Amino acid sequence: MKILIADKFEESGRIGLRSIGCEISFQPDLKDDALVEAIGKQQPDVLIVRGTKVTESMLAAGPLKLVVRAGAGYNTIDVAAASQRGIYVSNCPGKNSIAVAELAFALILALDRRVADNVIALRAGEWNKKEFSKARGLFGRTLGLVGLGKIGQEMIPRARAFGMPVVAWSRSLTAEKAEQLGVDRKKTPLDVARFADVVSVHIALKPDTKGLINRDFLSAMRDGAYFINTSRGETVDQAALVEAIHSKGIRAGLDVFAIEPTSAVADFEDPIANETKVYGTHHIGASTDQAQEAIAAEAVRIVRAFKETGQVPNVVNLAQRTPATHRLVVRHRDRPGVLAQVLEAIKAEQINVQEMENIVFEGAEAAVARINLDKAPSNGTLERVRAGNEDVLELNVLEIN
């Protein structure tokens, strides 16, 4: 199996891939047209990336079967194009949760104590204890979490260590789960904005979360509150955030931005970086040695499973529901050609197979096939299948709700 790694990737991961018999091409600086060319030339089975953008032209350039995002999010990959070509897309969720939570708290502390401004003043030869002695402190302040996945949950014990009560909103957060986690469950994101002194965003980028942090949310925040985003820049209306910084005194700690460079080293011209109440980092939330080692190990696990079983852990682009309306259940003797005849009969009626499995009983004398179809076969087709092969023991058609 050929693997093209087109991004930074830990040596332990490269060693792990070679140990399972993979041929590795490690070219971490490949981007854009150069990556398209490399895929076409090297003909890899698997592409591993971190922040590198994966486009339709890249997916079409070679015989790719699997794209692994060595990280949690996968918004930089054209998942729709991959799905159209039958290319698996997989990710490594949860492996960077602690690293991102640590950075989120670093930004909270930095905002409260104006750490960056302190450093800038000292490097400029200025001593201003009078100015920088002003800080609110975190003890007793309320931390509001928007999103309570693995990263959001890692924020809770850290908040508790600083004496901060936590309010939270997530679509999946139940009252029972909130009680278990020790947080005050809010019904809407706006409720989090109203009750929190510090808001930290931990949501995946999806169509329904793009711009979730909008003007209404920011207007609901308390004057002078802190806003932290280590999720995705597109979840925030950045223009509205700038307005809130000026009108409400919001201070923001951002690891992600509306428009980010596609390469690791580039010019950055987003004007929000010049706002004095914004502390920014370079989308480095997952960039600790611990997190990258864990992600590399997970990527190796994904590739190993695919290589050895054909199954893909953490796959993100399989259909949650197919167009199947009926299931044909075939109880049959485990003999050559039985299912081939069944499928030929289905094909003749222009019925499409959506999913199929064949379960063999102990002794390999009999099996049951479950074939999901986009419409029901006619009685005539079923009778022809029954009469045409004595190894077909029973046929049943079930409706799929």
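Keep in mind that what you see is a predicted model, and the values were worked out from it rather than measured.

Enquirer: Can you lay out the packing of helix α5 (residues 97-113) against helix α8 (residues 150-161) for me, pointing to particular residues and giving the numbers?
Expert: It is at 8 Å that the axes of α5 and α8 come closest, and there the two elements cross at 50°. As judged from the angle between their axes, α5 and α8 are oblique. For the pair α5 and α8, the sense of crossing is right-handed. Contact with α5, carried on its side by Ser97, Ile98, Val100, Ala101, Glu102, Ala104, Phe105 and Ile108, involves Lys150, Ile151, Glu154, Met155, Arg158 and Ala159 of α8 and no other residues of that element.

Enquirer: Describe the nonpolar core, listing the residues and the values that go with them.
Expert: Core analysis: the biggest nonpolar cluster contains 28 residues, and Val146, Phe217, Met221, Phe227 and Leu241 have the highest contact counts within it. Those elements giving two or more residues to this core turn out to be β7 (166-169), α10 (189-195), β9 (198-201), α11 (215-220), α12 (238-248) and β11 (251-254). The element best represented in this core is α12, accounting for 4 residues. Counting 26 residues, the second-largest nonpolar core is a separate cluster that includes Ala104, Phe105, Met155 and Ala178.

Enquirer: Outline the packing of aromatic side chains, supporting the account with residue identities and numerical values.
Expert: Pairs of aromatic rings are described using the distance from one ring centre to the other and the angle between the two planes. Using the criterion set out here, one finds 3 aromatic pairs in the structure. Both rings, one in Tyr88 and one in Phe306, keep their centres 5.9 Å apart while their planes meet at 70°; by these two values the pair is edge-to-face. Within this pair, whereas Tyr88 is found in strand β5 (residues 88-91), its partner Phe306 is found in helix α13 (residues 289-309), the two being separated by 218 residues in sequence. Overall, Phe306 belongs to the buried group, its relative accessible area being 10%. Arranged with centres 5.1 Å apart and planes meeting at 65°, the rings of Phe257 and Phe268 form a pair that is edge-to-face. Placement of the pair is Phe257 in the loop between β11 and β12 (278-280) and Phe268 in the loop between β11 and β12, with a sequence separation of 11 residues. Overall, Phe257 belongs to the buried group, its relative accessible area being 8%. Of note, Arg14 hangs over the ring of Phe26, and the distance from its end group to the ring centre comes to 4.1 Å.

Enquirer: Lay out unusual backbone geometry with the relevant residues and their values.
Expert: At Asp32, a residue that is not glycine, the phi angle is positive and equals roughly 50°. Mapped onto the elements of the fold, Asp32 is located in helix α2 (residues 32-42).

Enquirer: Give a detailed account of the sheet that holds strand β16 (residues 392-399), specifying residues and quantitative values.
Expert: Ordered by their spatial adjacency, 4 strands build an open sheet running β14-β15-β13-β16, and the pairing between neighbours is antiparallel. Looking at the sheet topology across the chains shown, the edges are occupied by β14 (353-360) and β16. Adjacent strand axes in the sheet meet at a mean angle of 15°, parallel and antiparallel pairs treated alike. Sheet topology note: the β14/strand β15 (residues 366-373) ladder contains 7 bridges and is antiparallel. When the bridges of β15 are listed, Met356 appears paired with Ile371. Lying over the sheet, helix α14 (residues 338-348) contacts β13 (326-333), β14, β15 and β16, oriented at roughly 150° with respect to β13. The sheet strands contacting helix α15 (residues 379-388) are β13 and β16, and the helix crosses β16 at an angle near 160°.

Cut-offs and rules
Residues numbered from 1 in each chain as written. Predicted model: local features only at pLDDT ≥ 70, side-chain atom pairs only at ≥ 80, totals over all residues. Heavy atoms only, no water. Axes fitted to C-alpha atoms, helices over the stretch in contact; angles between N-to-C directions. Helix = DSSP H or I, 4+ residues; strand = E, 2+ residues; numbered from the N terminus. Parallel < 35°, antiparallel > 145°, perpendicular 65-115°, else oblique. Left-handed = near helix turned anticlockwise from the far one by under 90°. Contact = heavy atoms within 4.5 Å. Core = buried A, V, L, I, M, F, W, Y, C linked by side-chain atoms within 4.5 Å. Buried < 20%, exposed > 50% of the residue type's maximum accessible area, 1.4 Å probe, protein only. Phe/Tyr/Trp six-rings, centres within 6.5 Å; stacked < 30°, edge-to-face > 60°. Lys NZ or Arg CZ within 6 Å of the ring centre and 35° of its normal. Pairing = 2+ DSSP bridges.

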